Amino acid sequence: MLPDPADDVAPTSPADVRGDDGHGCTGFSDFSDFSDIDGFLRIPRLASIATGSDGRVVAAIQEADENGAKLISSLWELDPEGEAPARRLTFSDKGESAPVFAPDGSLLFSSARPDPEGGAEDDTSAIWRLPRTGEAQVVASAAAGLTLLAVADDGQMLAATSVLPSGTLQDDAERRTARKDAKQTTIWHTGMPIRQWDHEIGDQSRRLVLVSPEGDLTDLTPDVGTVTLYAASADLSPDGATVATSWTQRVRGGETRSSIALIDTATLRRTALLSADEEAQYSTPLFSRDGTRLAVIRSTASSPTDTSYSRLDIHPIGGGEPVTAQLGDLSIGDLAWTEDGSLLVAGDLHSSGAVLTINPSTGASRTVAADGVFSALAPAADGTLFALRNDVGTPSRPVRITADAAPRELPAPGAVGALPGTLEWVETDVDGITVGGWLCVPASASAAEPAPVMLWIHGGPHGSYNAWSWRWCPWLAVERGYAVLMPDPAMSTGYGDAGLNRGWPRLPDVVFHECETLFDAVLLRPELDATRTAMLGASFGGFMANWIAGHTDRFDAIVTHAGLWALDQQHRTTDAAASKMRVHRHEEELPDWYRAYSPHHASGSITTPMLVTHGNRDYRVPVSEALRLWWDLVSTWDGEPETMPHRFLQVTSENHWVLTPSNALAWNQAVLAFCDQHVLGAEPIPEVLPW
């Protein structure tokens with residue numbers, strides 16, 4: 001049955017959530033009531049962390065607003081020794097994010113908060129500076145907002161903004177006003193790509209700008225088109241003299257190539273450092289602290305036989321042969337240089353994660369931290385590493401990592417208490433390959449009262465069920481009485497090149513065989529009920545759910561979110577059409593592949609009740625996939641319309657994910673209620689839901 005809305009009443013103020021005096025000067029209470037979905041979605045979330053040269057540590061922490069309409073970020077100072085509670089620094093309604101320390105010890109951040117001096121546009125993100133004492137002030141702003149990317153030792157900053165096509169920074173505000181007043185929404189396209197995730201590309205030109213300590217802006221890329229920097233990653237050398245940036249160019253066949261360019265900040269002269277070709281592209285340049293080396297991620301091009309592999313190369317700026325980091329099975333996540341010249345790399349590894357330190361001269365690696373997924377690497381001047389760490393049972397927590405001790409958690413909002421069940425890594429042999437996954441079992445499960453079981457298949461397909469998720473949290477289902485199995489099958493990250501390529505090119509039968517074999521193995525446990533099961537997945541996992549629905553009736557319910565349905569349609573309409581078509585070709589070229597693996601070909605075989613969920617603003621898997629799937633389900637139902645078991649939850653304001661807390665509340669309630677109905681035999685979901 002649906003939960004009583006009265007059971008999901010949120011605290012009336014942020015202070016009620018925190019349990020503090022309203023000034024953020026004491027810690028939050030640990031959350032442990034996973035039956036309270038709204039309360040779960042109001043847990044503070046650690047988003048990033050920064051360190052200063054004077055030893056200060058600051059984190060950005062997100063919280064849902066009173067109505068659950070959005071997440072608002074604020075900045076908190078953490079005790080680097082892990083003794084004192086966190087202290088809140090900022091309080092605006094618009095929020096503050098992306099903290100970076102300036103060389104003088106002041107704190108830079110991004111915010112759309114009102115500028116009391118009227119210099120920044122309302123509701124437009126500007127760069128602000130918060131001194132150790134005193135009020136924050138705007139450093140710089142632009143009509144389309146500014147995103148801070150890097151800070152040099154002399155205080156210069158590298159930022160990104162956008163300008164209307166064929167415009168300049170100077171006339172952009174006036175042109176935007178004219179366009180808005182005329183209600184003009186046209187976009188002139190001259191090639192691909194035209195979309196990315198949830199936004200259009202061709203209506204603006206992304207620019208890199210140099211920001212002086214006084215806030216003056218210099219456009220470093222005035223001559224770029226709409227595609228050149230649309231997905232650029234860039235860094236500023238410590239002396240402020242050079243910018244390294246990815247540089248995208250269109251080539252034949254709707255493809256693009258991403259190279260690395262160097263820009264002299266004084267002359268704007270641009271030179272090519274690394275040129276992309278049909279074999280490899282480059283991204284994520286990062287200068288060493290002495291400016292003599294540049295770390296770059298090199299990615300091979302995917303093909304029908306091989307997926308894309310990422311390598312971490314270290315290039316001497318003054319010339320010489322690059323060094324490739326020896327990462328083993330680790331999949332690259334986050335990068336950071338230390339003051340002593342080592343390169344830190346965090347990423348997925350063997351169903352968990354690790355941080356490695358790389359010798360830039362040899363590429364040799366050494367493990368700095370393991371047993372957890374680490375992000376937001378923030379090395380301090382004294383060699384201490386601060387980062388965020390999480391795992392399947394723990395949301396991101398700030399930790400202090402030193403050479404002689406295990407990671408130490410720092411007090412901060414957002415901790416959870418006791419979980420409603422157990423977490424265990426399980427494995428089985430599948431045709432000579434060890435396949436594993438995380439199994440969450442409710443505390444109430446027993447041989448006398450076995451728990452119904454959910455199989456979750458992750459997205460990507462290059463991903464891993466190794467971390468905490470706010471969007472797909474198994475503990476909400478475990479609290480409801482379900483066991484949840486989350487496998488790492490073929491194409492999962494953290495298992496080396498062989499793991500990434502096993503099952504390529506996106507073969508659902510290979511993935512399902514591995515998942516189903518592990519699923520069958522755990523279902524032998526007496527505390528699990530093999531007769532009551534459900535299958536859930538999103539993105540690639542949603543594609544798997546759609547394919548599985550037409551190839552087996554073993555599950556009592558299937559939930560598919562943002563899933564691919566008709567591959568001939570999706571491969572041409574996704575924002576990643578170039579790479580999809582490069583790998584999978586036209587259906588006329590590979591008719592057998594499309595016939596076997598496009599889920600829509602088996603629509604007539606679907607008998608399992610399906611819940612379809614999708615966001616209208618999803619450009620990676622356009623909502624047309626859900627619309628076509630829904631038509632196929634509804635139009636082929638033989639019974640009376642009111643007896644049809646399938647349901648469609650359309651989320652009109654969301655993209656590939658469900659990010660708004662209020663929408664996430666409705667989504668979780670719908671998913672659990674749908675599974676309750678078809679797995680547990682609960683009351684049917686009403687036509688109009690109470691949320």
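Residues numbered from 1 in each chain as written. Predicted model: local features only at pLDDT ≥ 70, side-chain atom pairs only at ≥ 80, totals over all residues. Heavy atoms only, no water.

S.K.: Now, about the overall build of the protein chain: what can you tell me, with residues and values included?
M.R.: If you tally the helices and strands in the protein chain, you get twelve helices and 38 strands. Whereas a compact globule of 691 residues would reach a radius of gyration of roughly 26 Å, the protein chain reaches 25 Å, a difference of no more than 12%. Principal axes of the C-alpha set define a box for the protein chain whose edges measure 70 × 65 × 60 Å. Contacts in the protein chain between residues far apart in sequence, at least 24 positions, make up 55% of those at least 6 positions apart. For the protein chain, the exposed surface amounts to about 28700 Å²; the carbon and sulfur share of it is 48%. Charge centroids of the protein chain, computed over 49 positive and 93 negative side chains, lie 5 Å from each other. (Helix = DSSP H or I, 4+ residues; strand = E, 2+ residues; numbered from the N terminus. Rg over C-alpha atoms; globule rule 2.2 N^0.38 Å. Contact = heavy atoms within 4.5 Å. Areas by Shrake-Rupley, 256 points an atom, 1.4 Å probe, with all protein chains shown as cover. Lys, Arg positive; Asp, Glu negative; His and termini not counted. Charge placed at Lys NZ, Arg CZ, Asp CG, Glu CD.)

S.K.: Residue-level account of the side chain of Ser598, with values.
M.R.: Its location among the elements puts Ser598 in the loop between α10 (591-597) and β37 (610-615). For Ser598, a relative accessible area of 2% corresponds to the buried category. Of note is the side chain of Ser598, whose polar atom sits 2.7 Å from the side chain of His600. (Buried < 20%, exposed > 50% of the residue type's maximum accessible area, 1.4 Å probe, protein only. Polar contact = N/O pair within 3.5 Å; in protein donor to acceptor, adjacent residues only side chain to side chain.)

S.K.: Let's hear about the environment of Val138: which residues, and what values?
M.R.: Within the secondary structure, Val138 sits in strand β8 (residues 137-140). Along the chain, Val138 and Ala126 lie twelve residues apart, while their C-alpha atoms are 6.8 Å from each other.

S.K.: Explain the pattern of salt bridges to me, and be specific about the residues and the numbers.
M.R.: For the structure on display, the rule yields 30 salt bridges. Notably, a salt bridge pairs Arg195 with Glu200, separated by 3.6 Å at the nearest N-O pair. With a relative accessible area of 28%, Arg195 lands in the partly exposed category. Looking at Glu200, the relative accessible area reads 26%, which means it is partly exposed. The partner of Arg289 in a salt bridge is Glu339, and the shortest N-O contact between them spans 3.4 Å. Of the two residues, Arg289 is situated in the loop between β19 (280-287) and β20 (293-300) and Glu339 in the loop between β23 (331-337) and β24 (343-349); the sequence distance between them amounts to 50 residues. According to the relative accessible area criterion, Glu339 is partly exposed, its value standing at 48%. (Salt bridge = Lys/Arg side-chain N within 4 Å of Asp/Glu carboxyl O.)

S.K.: Before we move on, can you summarise the environment of Asp216 with the specific residues and values?
M.R.: Looking at where Asp216 falls in the secondary structure, it is placed in the loop between β13 (205-211) and β14 (217-219). Residues Asp216 and Asp382, spaced 166 residues apart in sequence, show a C-alpha to C-alpha distance of 33 Å. Residues contacting Asp216, with those up to four places away along its chain left out, are Leu210 and Val211.

S.K.: An account of the sheet that holds β37 is requested, with residue identities and associated values reported.
M.R.: In space, the eight strands of this open sheet follow the order β31-β32-β34-β33-β35-β36-β37-β38, with mixed pairing throughout. Where the open sheet ends on each side, the last strands, each with one partner, are β31 (421-430) and β38 (647-651). Within this sheet the neighbouring strands show an average axis-to-axis angle of 20°, counted without direction. As defined by bridge partners, strand β33 (residues 451-457) adjoins strand β35 (residues 528-538) across six bridges and the pair is classed as parallel. Note that in β35 the partner of Ile457 across the bridge is Gly537. Helix-sheet contacts for helix α6 (residues 508-522) involve β31, β32 (433-442), β33, β34 (483-488) and β35, and the interaxial angle to β31 is about 120°. (Pairing = 2+ DSSP bridges. Axes fitted to C-alpha atoms, helices over the stretch in contact; angles between N-to-C directions.)

S.K.: Could you give me a rundown of the environment of Thr51, with the residues and numbers involved?
M.R.: Summarising the element assignment, Thr51 is placed in strand β1 (residues 45-51). For Thr51 and Pro85, which are 34 residues apart along the polypeptide, the C-alpha to C-alpha distance reads 17 Å. When residues no more than four places from it in sequence are discounted, the contact partners of Thr51 are Arg56, Val57, Phe101, Ala378, Pro379, Ala380 and Phe386. A polar contact is formed between the side chain of Thr51 and the backbone oxygen of Pro379, at a distance of 3.2 Å.

S.K.: Residue-level account of the packing of α6 against helix α7 (residues 540-549), with values.
M.R.: At a minimum axis separation of 10 Å, α6 and α7 run at an interaxial angle of 90°. The angle between α6 and α7 places the two elements in the roughly perpendicular class. Each of Pro508, Asp509, Val511 and Phe512 in α6 lies in contact with α7, whose residues at this interface are Phe540, Phe543, Met544, Trp547 and Ile548. Tallied by class, residues from the contact of α6 with α7 come to eight nonpolar, no polar and one charged. (Parallel < 35°, antiparallel > 145°, perpendicular 65-115°, else oblique. Nonpolar A, V, L, I, M, F, W, Y, C, P; charged D, E, K, R; others polar.)

S.K.: Can you explain the pairing of strand β25 (residues 352-358)? Please cite residues and give values.
M.R.: Judged by how many residues are buried, β25 sits mostly within the fold: seven of seven residues are covered. With seven bridges joining them, β24 and β25 adopt antiparallel strand pairing. Within β25, the residue paired with Leu349 across the bridge is Ser352. Note: β25 against strand β26 (residues 365-370), five bridges, orientation antiparallel. Note that in β26 the partner of Ile358 across the bridge is Ser365.

S.K.: I'd like a rundown of the pairing of β8, residues and numbers included.
M.R.: Inspection of the sheet shows strand β7 (residues 126-130) paired to β8 by three bridges, in the antiparallel sense. Its bridge partner lying in β8, Trp128 is registered against Val138. Between the antiparallel neighbours β7 and β8 lie six residues, among them Gly134 with a positive phi of about 110°.

S.K.: Go over the side chain of Thr256, please, and point to the residues and values.
M.R.: Residue position: Thr256 is located in strand β17 (residues 256-264). Aside from chain neighbours lying at most four places away, what touches Thr256 is Met192, Pro193, Val227, Thr248, Gln249, Arg250, Val251 and Gln281.

S.K.: Quick rundown of the packing of aromatic side chains? Include the residues and the values.
M.R.: Two descriptors summarise a pair of aromatic rings, namely the distance from one centre to the other and the angle between the planes of the rings. Under the defined criterion, the tally for this structure stands at 16 aromatic pairs. Relative to Trp470, the ring of Trp468 lies with its centre 5.6 Å away and its plane at 70°, an arrangement referred to as edge-to-face. Across the pair, exposure class does not vary: Trp468 and Trp470 are buried alike. Clustering of aromatic rings is evident, with ring pairs tying together Phe31, Phe34, Phe40, Trp468 and Trp470. The lysine or arginine in question, Arg113, covers the ring of Trp128, its NZ or CZ lying 4.9 Å from the ring centre. (Phe/Tyr/Trp six-rings, centres within 6.5 Å; stacked < 30°, edge-to-face > 60°. Lys NZ or Arg CZ within 6 Å of the ring centre and 35° of its normal.)

S.K.: Please give an account of the sheet that holds β25 that cites residues and values.
M.R.: Read across the sheet, four strands follow the order β23-β24-β25-β26 without closing on themselves; strand pairing throughout is antiparallel. Only two strands of the sheet have a single neighbouring strand rather than two, namely β23 and β26. The sheet shows a mean angle of 30° between the axes of neighbouring strands, direction not considered.

S.K.: Would you mind going over the state of the cysteines in detail, with residue names and values included?
M.R.: Tallied over the entire structure, the rule returns zero disulfides. Cys440 carries a free sulfur, and the closest cysteine sulfur to it, the one in Cys473, is 8.4 Å from it. There is no disulfide at Cys675, and the cysteine sulfur nearest it, in Cys473, is 15 Å away. (Disulfide = S-S within 2.5 Å.)

S.K.: Any details on unusual backbone geometry? Residues and values, ideally.
M.R.: At the junction of Met192 and Pro193, the peptide bond is cis and its omega measures out at 0° in the coordinates. Tracing the backbone shows Pro193 in the loop between α3 (172-181) and β11 (195-196). Even without a glycine there, the phi angle at Ala376 is positive, about 55°. Residue position: Ala376 is located in strand β27 (residues 373-379).

Treat this as a map of the structure, not an account of what it does.
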